[in-house]
Amino acid sequence: MAAVVLIGSQWGDEGKGKITDFLAEKADMVVRYQGGNNAGHTVVANGEEFKLHLIPSGILYQDKTCVIGNGVVIDPKVLLEELSYLEERKIKTGKLLISSNAQVIMPYHLVLDGLEEEARGDKKIGTTKRGIGPAYMDKASRVGIRIIDLLDKEEFAEKLGRNLEEKNNLIVKIYGKEALKFEDIFDTYLGYAEQLRPMVADSSLAIDECIQAGEKVLFEGAQGTLLDIDHGTYPYVTSSSPIAGGACVGAGIGPTRINRVVGVIKAYTTRVGEGPFPTELLDGTGEEMRANGHEFGTTTGRPRRCGWLDAVIARYAARISGISDFAVTKLDVLTGLKTLKICVGYRVDGEIIYEFPQSQKIFKLCQPIYEELPGWQEDLTHVQHFEELPQAAQNYIRRIEELTGVPATLVAVGPGREQTIVRGTIF
Ligand code: IMP
């Protein structure tokens, strides 16, 4: 019996797609449990690049069952487009299951995401404008439309009618925009429902059966710890729970089923959207990281803010999710830098703190305290074993382990499946 949860340890974009793909080879089932198509996972498999937003990266292996769990918000149009994109590239998608209880992103969610952001002015969150926040708002308000509702014409008509009345009130009376039409949405979404119907399942049951049969299940988190609605840099967060605990809620499994938690952590830090970022580099080094690491959003194309690795954040992520193993990604991107810095604590108002602050007002004031380590000049992209890394690169990884108390079991030195140094067994 093996259930492994994989999460992002920073602000998302840690390279989870690549590590999921790497671990998926050994798994029987791969499950998404939160978020929606705000995520963007880039995976290079057999030299080919794939960009996925909703479907678990495990789909690239033809024999894995992939599951979109109840905690995910699904834009059916995007899901169907992603299925076509995969089919066109000769990837079979017949083993995909969709939870009947997952929430549906509706056209008014997209409209409201845009309008709400605009109304926030300089307090905007910098959302991906994919309707994620408004869809989760409806879920919490208990008016959301679930996949199962889409499959029932009468139920869907009733729920859509009620929602549209309320949403059009907002759209027209508050924001002064044009109302959305019932018929347009109803017919289109019924069409989507028929295409999705064969994939809809009781996904919690399917996952449990897999675990009980002694098979291996990988839970694939999207976004990252600091974008978590409870534990992240609120309000500059997403609307779901990307932390390991989110897997229990968003997939319908108990915490006693989980054996390990892999925290994916980039060798430096990036952030998209607004909000404080103590180790951000606004100079040439930051630009170098962005260029060498191709740090532009998979979903929105936005340039990512780049900075040094923050061990305070790494320790915090390890605590919140009970991370048992780190997968350090993009170590190769740091090649060529003379000196590397790791943030080990913060200076705030003349005080030194070593724990991630609860208050965002304080986090905003945090000045990083750095430890400096020598860099390396050698190309790492062909290295297969840890001992073959330049001494400075080994020291950098070992220092991360010391500062966090978590072993770096996997170290990635390039985007390909084979560019992964393995120092222990996960599955
Ligand atoms: P939303 O999830 O679209 O509501 O966006 C909320 C915040 O989360 C924004 O700062 C986004 O940039 C950020 N965000 C959402 N998804 C991702 C992701 O996959 N990677 C990085 N940032 C993300």
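Residues numbered from 1 in each chain as written. Predicted model: local features only at pLDDT ≥ 70, side-chain atom pairs only at ≥ 80, totals over all residues. Heavy atoms only, no water.

Structural notes on the packing of aromatic side chains
As a reminder of what qualifies: Two rings from Phe, Tyr or Trp (for Trp, the six-membered ring) form a pair when their centres are within 6.5 Å of each other. A pair whose planes differ by under 30 degrees is stacked, one over 60 is edge-to-face, and the rest are tilted. Helix and strand assignments follow DSSP, with helices taken as H or I runs no shorter than four residues and strands as E runs no shorter than two, numbered in order from the N terminus. For the exposure calls, accessible area comes from a 1.4 Å probe over protein chains only, and a residue counts as buried if that area is under 20% of its type's maximum, exposed if over 50%, partly exposed in between.
The final tally for this structure, using the stated rule, is nine aromatic pairs. Note on tryptophan 11 and phenylalanine 363: the rings are 6.4 Å apart at their centroids and 35° apart in plane angle, and the pair reads as tilted. Highlighted residues: tryptophan 11 in the loop between strand S1 (2–8) and helix H1 (16–24) and phenylalanine 363 in helix H12 (residues 360–365), separated in sequence by 352 residues. When its relative accessible area of 2% is taken as the criterion, tryptophan 11 is described as buried. The buried category is assigned to phenylalanine 363, whose relative accessible area is 0%. Taking the centre distance of 6.0 Å and the plane angle of 65° together, the rings of tyrosine 346 and phenylalanine 363 count as edge-to-face.

Side note on the site of the ligand
To keep it simple, the criterion reads: Nearness is judged by heavy atoms alone; a residue qualifies as near a molecule or strand once a single heavy atom is within 4 Å of it. N or O atoms closer than or at 3.5 Å make up a polar contact, with two conditions inside protein: a donor-capable atom paired with an acceptor-capable one, and, for residues adjacent in sequence, both atoms drawn from side chains. Areas reported as accessible are Shrake-Rupley estimates using a 1.4 Å probe. Residue values count occlusion only from the protein chains shown. Where each domain starts and ends follows an automatic or database-derived domain assignment.
Among the 15 residues in the neighbourhood of the ligand, the closest are listed as Asp13, Asn38, Thr128, Thr238 and Arg302. At a separation of 3.1 Å, a nitrogen atom of the ligand approaches a polar side-chain atom of aspartate 13. Here an oxygen atom of the ligand sits 2.6 Å away from a polar atom, N or O, in the side chain of threonine 128. Calculation on the ligand without its partners gives an accessible area of 470 Å², and the protein chains cover 96% of this total. Counting residues domain by domain, the shell around the ligand receives three or more from each of domain 1 (2–90 + 202–422) and domain 2 (103–198).

Brief notes about the domain arrangement of the protein
Quick reminder of the rule: The contact rule is simple, with two residues in contact once any of their heavy atoms fall within 4.5 Å. A quick way to say it: buried area is the sum, across both parts, of accessible area lost when two parts are put together, with a 1.4 Å probe. By convention in these notes, a salt bridge is any Lys or Arg side-chain nitrogen within 4 Å of a carboxyl oxygen on Asp or Glu.
What the domain assignment reports for the protein is domain 1 (2–90 + 202–422) and domain 2 (103–198). Put simply, the middle of domain 1 and the middle of domain 2, counted by C-alpha atoms, are 29 Å apart. Domain 1 puts 26 residues into the contact, and the matching count from domain 2 is 20 residues. Both sides together, the interface formed by domain 1 and domain 2 hides about 1,900 Å², and carbon and sulfur atoms give 62% of it. On the domain 1 side of the contact with domain 2, Val73, Pro76 and Leu80 bury the most area, a combined 28% of that side's loss. Across the contact surface, domain 1 and domain 2 share one salt bridge. As a salt-bridge pair, lysine 124 and glutamate 274 come within 3.7 Å of each other at their nearest N and O atoms.

With respect to the packing of helix H6 (residues 153–174) against helix H7 (residues 182–196)
So the rule is basically this: Lines fitted to C-alpha atoms define the axes here, with helix axes fitted over just the stretch in contact, and angles between the N-to-C directions of these axes take values from 0 to 180 degrees. Note on convention: the crossing is left-handed when the near helix lies turned anticlockwise from the far helix by less than a right angle, right-handed when the turn is clockwise. Only Asp, Glu, Lys and Arg are considered charged in this grouping, and only Ala, Val, Leu, Ile, Met, Phe, Trp, Tyr, Cys and Pro are considered nonpolar; every other residue, Gly among them, is considered polar.
Where H6 contacts H7, the two axes come as close as 11 Å, and the packing angle between them is 145°. The chirality of how H6 crosses H7 is right-handed. Counting all contacts with H6, which are made through Lys153, Phe156, Ala157, Leu160, Gly161 and Leu164, the residues of H7 involved are Phe182, Ile185, Phe186, Tyr189 and Leu190. Partitioned by chemical class, the residues of the contact of H6 with H7 number nine nonpolar, one polar and one charged.

Structural notes on the sheet that holds strand S10 (residues 216–220)
Note the cut-off: Any two strands with at least two DSSP-identified bridges between them are counted as paired.
Across the sheet, 10 strands lie side by side as S9-S7-S5-S2-S10-S1-S11-S15-S19-S20; this open sheet has mixed pairing. The open sheet terminates on both sides in strands that have one partner only, identified here as strand S9 (200–201) and strand S20 (420–422). In terms of strand pairing, strand S5 (residues 65–68) meets strand S7 (residues 96–99) through three bridges, oriented parallel. Bridge pairing in S7 links isoleucine 68 to isoleucine 98.

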